[in-house]
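In case you want the letters, here they are:
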Amino acid sequence: MYQSSYLNKLFEDVKKKYSSEPEFISAVEEFFDSMDYMVDDEPNIEKYAILERILIPERVISFRVAWVDDKGKVQVNKGWRVQFNSAIGPYKGGIRFDSSVNLSILKFLAFEQTFKNSLTGLPLGGGKGGADFTPRGRSDEEIMRFCQAYVSELFRHIGPDTDVPAGDFGVGAREIGYMYGMYKKLSNDFVGTFTGKGISYGGSLGRKEATGYGLLYFVSEMLKTFHNDTLKGKRVIISGSGKVGKHAAVKAHALGAKVVAMSDINGFVYDENGLDVPLIDKLSEPKGEYSLEYMKIYPEAKFVPTPKLMWGMPCDIALPCATQNEIDLEDAMKLKANGCYMLVEGANMPTAVEAIRFCNENGILFAPGKASNAGGVAVSGLEMSQNAMHLSWTYQEVDQKLEQIMKNIFRKCHETAQKYGQPKNLALGANIAGFIKVYDAMLQEGVI
């Protein structure tokens with residue numbers, strides 16, 4: 001499978017040890033595709049068991065979350081925090097609440113987060129947490145009680161210089177507020193231990209837009225570098241109705257792109273003439289859903305109740321911004337057949353490994369989420385800086401810093417890919433550039 005016999009042996013061990021963790025195995029496989037270009041030229045990687053160490057989280061915290069619903073019934077969920085790697089800084093990564101959450105998903109997310117954080121240039125390690133709790137359909141009071149119960153255990157293991165959680169799927173400003181309020185009460189500290197906080201209590205302007213806007217700054221750099229072009233007039237399709245997809249659409253529209261298709265939990269809407277993005281922005285605000293309401297206002301648009309079929313629509317640029325494993329090999333082939341020449345991830349590994357390989361072999365420029373999705377953690381890092389200095393930067397200051405960070409990430413990925421003779425393979429560039437900083441730190445810190 002790999003040219004390196006060391007990687008082949010290691011990957012077989014991973015598949016055997018973690019056979020019940022398919023998401024984590026996929027993340028390792030995608031990472032090893034890039035490592036194959038360098039690992040045999042760096043003997044210290046094998047000598048000091050860098051990969052063996054980097055594949056095992058430094059700490060996994062698993063705990064019970066017991067809480068009381070509105071009917072007075074005791075509910076019990078499982079909670080986790082995966083503290084994956086702290087070689088370059090305190091653990092940093094979001095918290096995900098959804099019934100699908102399990103250890104495999106959190107390990108894959110924390111593994112990816114380690115290299116994503118490295119690429120930002122900020123001194124942050126990788127972590128991720130969550131619970132198999134779904135906020136959807138729950139009252140605000142139930143969500144508050146769950147968040148307080150979750151943090152009642154988690155607070156022992158986090159801190160501004162230890163582990164700084166943020167939001168993720170199912171965790172927005174409301175949930176962060178409830179968790180931070182309980183953390184502050186239990187720890188007796190008003191410090192920047194959570195990011196994504198409300199503006200009134202230490203949050204950063206521009207945080208909610210950061211991942212979506214950062215994605216489009218990255219896309220713009222790709223177009224400029226590889227096509228000497230801009231987003232103006234480009235047909236874009238975007239999956240996901242959360243804060244990433246919505247704000248990606250808003251920024252794409254502002255930069256002159258024509259957003260022709262978008263999806264939410266109910267399906268997707270398509271209009272070859274371009275969707276009314278300001279309306280979608282407005283409709284999605286309360287619940288993150290818009291497609292059914294949109295069709296009432298624009299009945300001439302096309303609605304399909306199966307979100308996955310959106311990848312068969314004609315486009316120039318595809319931006320998967322929902323969740324992992326959205327795009328498989330068949331979807332990638334449909335995108336290619338319908339004119340897509342750029343696939344840029346706005347979520348955490350929404351593209352299957354086989355689909356990534358197809359893109360790289362068939363002329364679709366591909367960018368992995370660990371690079372193109374890094375805007376959120378970049379502004380989280382800026383929020384931590386503001387908290388530490390007791391400052392509050394303007395929206396314009398934060399946005400300018402975000403744009404520069406995304407440009408720097410693209411430059412690192414592109415230059416690294418060029419160094420290894422694969423100038424258009426941004427996945428290779430992102431993986432190796434992100435890894436090298438962690439690798440150097442682990443070498444210098446010794447065997448620990």
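Check the entry above for the structure.
The written sequence of each chain sets the order in which its residues are numbered from 1. In view of the model being predicted, local features appear only for residues whose pLDDT reaches at least 70, and side-chain atom pairs are presented and counted only at 80 or more, with totals across whole chains, interfaces and linings using the full set of residues. Hydrogen atoms and water are omitted, and side-chain values are computed over all heavy atoms in the structure.

Taken together, the side chains of Val68, Val74 and Val76 present a nonpolar region at the surface, about 250 Å² in accessible area. Here Val76 is to be found in strand 2 (residues 74-85). The classification of residues rests on relative accessible area computed with a 1.4 Å probe and restricted to protein chains. Under 20% of the type maximum is buried, over 50% is exposed, and intermediate values are partly exposed. With a relative accessible area of 53%, Val76 lands in the exposed category. Every patch collects residues that have over 30% relative accessible area and no salt bridge, joining them within 9 Å if they carry like charges and within 5 Å if they are nonpolar side chains (Val, Leu, Ile, Met, Phe, Trp, Tyr). Using the Shrake-Rupley algorithm and a 1.4 Å probe, accessible areas are obtained, with residue cover drawn only from the displayed protein chains. What counts as a salt bridge is simple: a side-chain nitrogen of Lys or Arg found within 4 Å of a carboxyl oxygen of Asp or Glu. Secondary structure elements are defined from DSSP: runs of H or I of at least 4 residues count as helices, runs of E of at least 2 residues count as strands, and each element is numbered from the N terminus.

Bringing the packing of aromatic side chains into the picture now. Here a pair means two rings of Phe, Tyr or Trp (six-membered ring of Trp) with centres within 6.5 Å. Their orientation is stacked below 30 degrees between planes, edge-to-face above 60, and tilted elsewhere. Per the counting criterion, the structure on display carries 29 aromatic pairs. Judged by centre distance (6.0 Å) and plane angle (85°), the ring pair of Phe97 and Phe133 falls under edge-to-face. Highlighted residues: Phe97 in strand 3 (residues 91-97) and Phe133 in the loop between strand 4 (125-131) and helix 6 (140-154), separated in sequence by 36 residues. Residues Phe97 and Phe146 carry aromatic rings whose centres are separated by 5.1 Å and whose planes lie at 90° to one another, so their mutual orientation is edge-to-face. Highlighted residues: Phe97 in strand 3 and Phe146 in helix 6, separated in sequence by 49 residues. Assigned by exposure class, Phe97 and Phe146 land together as buried. Among the aromatic residues, those joined into a ring-pair cluster are Tyr2, Phe11, Tyr18, Phe24, Phe31, Phe32, Phe84, Phe111, Phe115, Phe435 and Tyr439. Lying over the aromatic face of Tyr213, Lys251 brings its terminal NZ or CZ to 4.5 Å of the ring centre. Two thresholds decide whether a charge sits over a ring: the Lys NZ or Arg CZ must be within 6 Å of the ring centre and within 35 degrees of the ring normal.

Before going further, it helps to spend a moment on the pattern of salt bridges. Counted under the stated rule, the structure contains 28 salt bridges. For Asp316, the salt bridge identified is with Arg235, shortest N-O distance 3.1 Å. Highlighted residues: Asp316 in the loop between strand 9 (302-304) and strand 10 (317-320) and Arg235 in strand 6 (residues 235-239), separated in sequence by 81 residues. Here Asp316 falls in the buried class, since its relative accessible area comes to 12%. With its nearest N and O atoms 3.4 Å apart, the salt bridge here joins Lys246 to Asp281. Here Asp281 lies in helix 10 (residues 277-283) and Lys246 lies in helix 9 (residues 243-254), a separation of 35 residues in the sequence. Judged by relative accessible area, Asp281 falls into the partly exposed class, the value being 26%. In the salt-bridge network here, residues are joined through shared partners; they are Glu29, Asp33 and Arg357.

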